[in-house]
Amino acid sequence: MAEPRKVSFKINGAVREGTTEPRKLLVDFIRDDLGLTGTHIGCEHGICGACTILFNGEAARSCLMLAVQADGAEITTVEGLAAPDGTLHPLQQAFWEHHALQCGFCTPGMLMAACDLLRVNPSPTEEEIRTGLSAVLCRCTGYQGIVDAVKAAADRMRSSN
Amino acid sequence: MAATQKWVGQPLKRTEDPRLLVGDGVFIADQLFPNLHHAAILRSPHAHARIRSIDASAALRLPGVVGIVTGQDAAKMTRPFAVGVRAPVKYYCMAVDKVRFVGEPVAVVVATNRYLAEDALDLIQVDYEPLSAVVDPERALAADAPLLHEEVGSNLACHRHIVYGDPDAAFADAEVVISERFVFPKYGSTPIETYGVVASFDRTSDVLTIHANFMGPFILHPITARALNLPENKLRLVVPPDIGGSFGIKTGIFPYMSLVGLAAMKTGVTVKWIEDRREHLLASSSGTDRIAYRELAARRDGTILAMRTRWYDNVGGYIRTPEPGCSFRPIGNWFGAYRFQHLEADANVVMTNKSLTGPNRGYACGHLYFEIERMVDLLAEKIGMDPAEVRRRNFIQPGEFPYRTPSGGLYDSGDYPAAFEKALELADYAGLRRSQEQARADGRLFGVGLAVAVDPSVSNMGYITVALDPEIRGRPGYLPKSGALEAATVKVDPLGRIIGVLGSAPQGQGHRTVVAQIIADELGIAPDDITIVDEMDTFTRVWGISSGTYSSRFGSVGTSAAALAARRLRDKLVRFASYLMEVPPESVVWSEGGAHHANNGQVLTLKDLAGRAHWDVESIPPGMEAGLEATAVFAFPEAKAPDLQDRVNSSNTYGFIAEVMAVEIDPDTAAIKILKYVTVHDAGEIINPAIVEGQIYGGALHGLGGALYEELAYDEQGQALAGSFMDYLVPTAHEAVKIDIAHVVSPSPFTTLGAKGLGESSSMTVPAVLANAVTDALKPLGVHIRELPITPSRLWHLMESARSKR
């Protein structure tokens, strides 16, 4: 077994440090070492997207990365989406209003993927939303509420900018 | 005293959501426990093999490993699970002498972390003697087929031949007879959260506590306890605050509750096991694959007279409770939405070297309606009648409810023609047929499909005993099985706030929101003043063997219990208030959260009454029990045991679904494009329309996945071919369709609020409506869909072979 290594990165605005085996997955480090259990694990092979985070601003699957690869990075997880005063992010608010979640297990990954989508394309069409979110699987909603929510959040975010 | 409905019927935003949206949900993998260790499971690479020996010594020496469990421990410390059939199948929580499917647990390592536990798996040496395997349920019944269970003597786990009415006479009288063979695939709803179990054994009290994302039925609690040689009151089963989807699939977790419980009992530490996706696809649960032969007898005017059916349900390596529900769950609605009176059913439940099965959204109804609705379309084609007209001529009529089916189902309410016509109208059926005419003239492949279904909810636990021959059920001393119940408690705190306690185990259905709506109306308060607790715990909740969140139960039985409990509490509050006001109870009216004197305007609010009851117990009238709380156990009166003619009301409320789908098929690539999809539901009174719509969307996509993409495929040697989401294709947002939804409301006379279940909804109709639409589109080529999933390659080959014959 390789020697443990130090890793340090900024997550949801705060610098966190730890020591980890080089083989440890980033998602396990985030959940088990940092206690941020909002990021979920659904397949561990990069298909379901439940573990999606923002890694240096871009959507990434934290089950396909090692914790040591995150050294020096800036990460946002679902816990970092709402404002410090607790005000929900427009996407979170829209998900609530459009019944875009049922069990809520895919929701963190879906929200982070939607963040990235709206960063790249602030005015997506319905078709573009469906394509943009096709890397996160949901088995409860049939996706319609999610698509509606992302559209509504995009409108709200554009009008408030 | 009827409550005013201010909240019931509203699309209230869910109280569950904010926690889940900010990452504060508490799923099984998120929960913290002291002295926690982690399990990894070694699984069989063989479909069928004898285990000669297991050498775990090297694994045990690995630092961090605290214990290993093998089949020898299971044989010593546990018993086989009870099964619902007479065949003496020995199903333990892990392989004991043989493995019977790829992925079957062979050894469990318990270590200080999961990485180490998985390392240790590589060090375990298992000496297997491979045996030949069989995966086809018909082939498995051949005399020379490999035998899975020597003590059973054949691979047939259960066989029942059941006749209602006089099908032979009906077939003899028929002007038209149609026969067809259907193949329904093995698929599962693959919740994004996999199975998870945490077990710890308290050696001072001998209590084994199991936390698991289990959703019922709670009959599986006593079955698990017995397998672990524990008295039922020494097995505490706790469900976490959040479950990440199930759709029936998490019923299949109970063998792992037993396995991880065994590991905790053997090692003395708290053991956590979180299934990975590969394990889930290899060895969790799915619906059965089924081969079915169906015959239909009819008159030329489209009247269906009778059906005959023989099927082979493939339950995999062991029959696991609640199977053979795959064959019998819909027994009361085996006749679908139609009035015919004669049916012969030959049910064969077969064990093969595939993974095990159980409830999967729509449990057995996807199979049933795929067969029935395809047959109705075949009849329409044969007699040259519009398929809509054939259905119209056979519907049970609105005046006939409650309607007793020949197989014992008691359809509580409905207006099938109204719902069906609404679907046709919403889809502009006549317009679609005109478009089709034009499309065909242009050489395009455009099809319109129809399907209807009676949507059963709240299983009567008694149905499963139809698996036993009536001769056995008729013996003196036989203890019949029946029932469907749910409990709820509503209590008032000292300041007049309400807490509702449920025994349900929701997986995203929004029970907290829905029950708050119901209690708010019953007590005339706001949902925000109500806290709802689910988090089922067998030590503290009121429950029965039928408890749980499955078979679309909550909308019928859970809501009934919650409303009844709230009414009981309200009655007590009124009696208490009348005593304090010194007037008879009839002079007190409950409204707006308080007791109102009918004449003098005096009001005692909920807060007033709560304060008196909690702080001044002396103020409670003589003869009234102290304490402001009420528990209701709601049980359906018509959930009776099967009779000796195999008639049983297998569910307790029966909704209705009518669907229209239009598709166009690419003549070159065989790609199917869904142009229109309309679904009309009758689920009685609707409590939260947003949640209902979400269930319909979700159910429809499960049906679509099973019909088009998903299959737990195996090769002839029993090797699993879909071990990852690369091979098992789950529909994404891109494949999902937009749905036109409408409702018809026929309140159930059997539930407190008139509501029916709707959780399984269109999962049971989409395979049928899609197969009918695709067949209709391919009419110019003469292609019939008899087998699912309709993958592009399968469809392309069907089209090519039809073209080459022309």
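Residues numbered from 1 in each chain as written. Chains lettered and ligands numbered in written order. Predicted model: local features only at pLDDT ≥ 70, side-chain atom pairs only at ≥ 80, totals over all residues. Heavy atoms only, no water.

Asks: So what's going on with the side chain of Ser-258 of chain B? Which residues, and what values?
Replies: Residue placement: Ser-258 of chain B occurs in helix H7 (residues 254-267). A residue is classified by how much of its surface remains accessible, and Ser-258 of chain B, at 1% relative accessible area, is buried. (Helix = DSSP H or I, 4+ residues; strand = E, 2+ residues; numbered from the N terminus. Buried < 20%, exposed > 50% of the residue type's maximum accessible area, 1.4 Å probe, protein only.)

Asks: So what about the interface of chain B and chain A? Which residues, and what values?
Replies: Contacts between the two partners involve 51 residues from chain B, matched on the other side by 45 residues from chain A. Of all residues in chain B, Leu-21, Tyr-115 and Ile-192 of chain B bury the most surface against chain A, accounting for 20% of the area lost on that side. If you look at where chain B meets chain A, you find 5 salt bridges. Across the salt bridge formed by Lys-738 of chain B and Glu-126 of chain A, the nearest N and O atoms sit 3.7 Å from each other. Our count for the contact surface shared by chain B and chain A stands at 22 residue pairs in polar contact (both at pLDDT 80 or more). Of all the secondary structure elements, the ones that give two or more residues to the side of chain B that touches chain A are helix H1 (17-21), helix H4 (114-121) and helix H18 (689-708) of chain B. For the side of chain B that touches chain A, the element with the most residues is H18 of chain B, which contributes 8 residues. Tallied by class, residues from the side of chain B that touches chain A come to 23 nonpolar, 16 polar and 12 charged. (Contact = heavy atoms within 4.5 Å. Buried area = accessible area lost by both parts, 1.4 Å probe. Salt bridge = Lys/Arg side-chain N within 4 Å of Asp/Glu carboxyl O. Polar contact = N/O pair within 3.5 Å; in protein donor to acceptor, adjacent residues only side chain to side chain. Nonpolar A, V, L, I, M, F, W, Y, C, P; charged D, E, K, R; others polar.)

Asks: A description of the domain arrangement of chain A should follow, citing residues and the corresponding values.
Replies: Residues and elements named next belong to chain A. Once the domains are mapped, chain A shows domain 1 (5-80) and domain 2 (90-160). Counting from both sides, the interface comprises 18 residues of domain 1 and, opposite them, 14 residues of domain 2. Buried surface at the junction of domain 1 and domain 2, summed over both partners, amounts to about 1,200 Å²; 65% is from carbon and sulfur atoms. Its largest share of buried area at the contact with domain 2, domain 1 owes to His-40, Thr-52 and Val-78, together 36% of the area lost on that side. Where domain 1 packs against domain 2, one counts 0 salt bridges. The interface formed by domain 1 and domain 2 contains 5 residue pairs in polar contact (both at pLDDT 80 or more). Counting only elements with at least two residues in the side of domain 1 that touches domain 2, the list comes to strand E3 (52-55) and strand E4 (58-61). (Domains from an automatic or database assignment.)

Asks: So what about the pattern of salt bridges? Which residues, and what values?
Replies: Residues and elements named next belong to chain B. Within the structure shown, the criterion is met by 60 salt bridges over all chains. The shortest N-O distance in the salt bridge between Arg-444 and Asp-442 comes to 3.7 Å. Each of Arg-50, Lys-98, Glu-129 and Glu-150 takes part in salt bridges that share partners, so that together they form one network.

Asks: Explain helix H11 (residues 387-394) of chain B residue by residue, including any values.
Replies: All names here are of chain B. The complete set of buried residues in H11 reads Pro-387, Ala-388, Val-390, Arg-391 and Asn-394. Seen end-on, H11 carries its buried residues on one side only, within an arc spanning 160°. Two to three positions downstream of the cap, the backbone nitrogen of Ala-388 sits 2.7 Å from a side-chain oxygen, assigning the N-cap of H11 to Asp-386. (Arc of directions from axis to C-beta.)

Asks: Mind laying out unusual backbone geometry, listing which residues take part and the relevant values?
Replies: Excluding glycine, residues mostly have negative phi values, and the peptide bonds linking residues are mostly trans. Residues and elements named next belong to chain B. Put simply, Gly-216 and Pro-217 share a cis peptide bond, and its omega is 0°. Counting through the fold element by element, Pro-217 comes out in the loop between strand E10 (207-212) and helix H6 (220-227). Not every positive phi belongs to a glycine, and Ser-552 is a case in point at roughly 50°. Of note, Ser-552 is situated in the loop between strand E21 (530-533) and helix H16 (554-581). Positive phi outside glycine occurs at Glu-592, with the angle close to 50°. Topologically, Glu-592 is positioned in the loop between strand E22 (588-591) and strand E23 (594-597).

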